[in-house]
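Residue-level structure breakdown
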Amino acid sequence: PHCGHLERIFGEGGAKRLSEQYDVPILGSLPLDPAIRQEADSGRPTVIAEPESETAGLFLSIARKAAAALSQLPVDHSASLPKLKLVKA
């Protein structure tokens, strides 16, 4: 109800508790800003519509953290290998 006021509508520390419970990192948090929905609905997401905004910076930070985490995962190429069947002669 107050412009610029931080309101934790889901309580404080919930993300930290879930992060610890499921052993996953917290990538970031985003404000509940109607502009995010409006910009996405118009086909111009916040990072395009307002690239210098704080919210765009939050999206980019989360994307960087996700990309960094994914780059550390082992690559499994087994799905692209041909299936072999061995038979006794």
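Report follows, based on the coordinates. Values in this document were obtained by computation on a predicted structure and should not be read as measured data.

**Observations concerning helix H4 (residues 54–71)**
Its 18 residues place the ends of H4 26 Å apart at the C-alpha level, agreeing with the 26 Å of an ideal helix rising 1.5 Å per residue. All buried positions along H4 are accounted for by Thr-55, Ala-56 and Ile-62. Looking straight down H4, one finds that the buried residues subtend no more than 125 degrees of arc, so they occupy a single side. Opposite the buried face of H4, by more than 90 degrees, sit the exposed residues Glu-54, Arg-64 and Ser-71. In this fold, the buried residues of H4 make contact with helix H2 (34–41) and helix H3 (46–49).

**Here we look at a nonpolar patch on the surface**
Nonpolar side chains collect at one region of the surface, where Leu-18, Tyr-22 and Val-24 lie side by side and expose about 310 Å² of accessible area between them. In this structure, Leu-18 sits in helix H1 (residues 14–22). Residue Leu-18 is classed as partly exposed on the basis of its relative accessible area of 48%.

Rules behind the numbers
- Residues numbered from 1 in each chain as written.
- Predicted model: local features only at pLDDT ≥ 70, side-chain atom pairs only at ≥ 80, totals over all residues.
- Heavy atoms only, no water.
- Helix = DSSP H or I, 4+ residues; strand = E, 2+ residues; numbered from the N terminus.
- Expected span 1.5 Å × (residues − 1).
- Buried < 20%, exposed > 50% of the residue type's maximum accessible area, 1.4 Å probe, protein only.
- Arc of directions from axis to C-beta.
- Contact = heavy atoms within 4.5 Å.
- Patch = residues over 30% accessible without salt bridge, like charges linked within 9 Å, V, L, I, M, F, W, Y side chains within 5 Å.
- Areas by Shrake-Rupley, 256 points an atom, 1.4 Å probe, with all protein chains shown as cover.
- Salt bridge = Lys/Arg side-chain N within 4 Å of Asp/Glu carboxyl O.

Scope: geometric values only; no functional claims are made or implied.
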